[in-house]
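Overview (structure and organization)
Letter by letter, the chains look like this.
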Amino acid sequence: MNSMIMSSRKALVAKPTQSRRVASKATRRPVAMAGMQVLKPEKRYECLSYLPPLSDDEISRQIDYLVSNGWAPCIEFASQEEADTNQLFFAGPALYENRYWTMWKLPMFGCQSGDEVLAEIQNCQDEYPGYRVRVVGFDNVRQCQMAGFICRK
């Protein structure tokens, strides 16, 4: 019985010479670098911050995604200094200062479209020009933030 199990195990083991040959062929292929770009060294914040500024239509589609998942859009704002996070190295690798922004009004429970939120984003920017504005998807069942992105830098 043991010899039968051992012989079946030996049959399943791959030969090392074949795996080396495949690995060497993969490393000899030239890498296509033409489509790669280097990011400019600037401050990155959170989701979608590496993209160019979002248009109103793109923001509206992101908000429609939040609403379709049952999350209430919530608008937050902060000055540039407050929006920057600073890692507290002495406190551990995952602790940051300035993680909290000021909420603009209450979360928009019952919101049906991105146009309602865009109007509130514009009102927030009119009242606080030069501030960063972000939209957060708030789940009222789990009582937490599920998604978020900066819409005005």
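The rules we used
Residues numbered from 1 in each chain as written. Predicted model: local features only at pLDDT ≥ 70, side-chain atom pairs only at ≥ 80, totals over all residues. Heavy atoms only, no water. UniProt positions renumbered as here; feature names shortened; annotations may be inferred. Helix = DSSP H or I, 4+ residues; strand = E, 2+ residues; numbered from the N terminus. Expected span 1.5 Å × (residues − 1). Buried < 20%, exposed > 50% of the residue type's maximum accessible area, 1.4 Å probe, protein only. Arc of directions from axis to C-beta. Pairing = 2+ DSSP bridges. Axes fitted to C-alpha atoms, helices over the stretch in contact; angles between N-to-C directions. Contact = heavy atoms within 4.5 Å.

An unreviewed UniProt entry lists the protein chain under the name Ribulose bisphosphate carboxylase small subunit, chloroplastic, from Chloropicon roscoffensis. Quoted verbatim from the Subunit (unreviewed entry) field of UniProt, the annotation for the protein chain is "Heterohexadecamer of 8 large and 8 small subunits."

A few words now on helix α5 (residues 114-127). Here α5 contains 14 residues, and its C-alpha end-to-end distance of 20 Å stays within 8% of the 20 Å for a straight helix at 1.5 Å per residue. Turning to α5, its buried residues are Gly114, Val117, Leu118, Glu120, Ile121 and Cys124. Along the axis of α5, the buried residues cluster in a sector spanning 165°; they form a single face. Across from the buried face of α5, at angles greater than 90 degrees, the exposed residues are Asp115, Asp126 and Glu127.

What follows covers unusual backbone geometry. Not every positive phi belongs to a glycine, and Lys105 is a case in point at roughly 60°. Among the secondary structure elements, Lys105 is positioned in the loop between β4 (102-104) and α5. Even without being glycine, Gln143 reaches a positive phi, approximately 60°. Of note, Gln143 is situated in the loop between β5 (132-139) and β6 (144-152).

Another point: the sheet that holds strand β1 (residues 72-78). With antiparallel pairing, the 4 strands of this open sheet are ordered in space as β4-β1-β5-β6. With partners counted over all chains shown, the strands left at the sheet margins are β4 and β6, one partner each. Pairwise comparison of adjacent strand axes, ignoring direction, gives a mean angle of 35° for this sheet. Pairing analysis gives 7 bridges linking β5 to β6, with the strands arranged antiparallel. Following the sheet pairing, Gly137 is matched in β6 by Ala147. Contacting β1, β5 and β6, helix α3 (residues 56-68) runs over the sheet at an angle of about 175° to β6.

In a regular helix each residue adds 1.5 Å, so 13 residues correspond to 18 Å; α3 covers 18 Å between its end C-alpha atoms and thus fits that length. If you follow the buried residues of α3, they end up packed against β1, α5, β5 and β6. Once α3 ends, the next one or two residues include Gly70, with phi positive near 85°.

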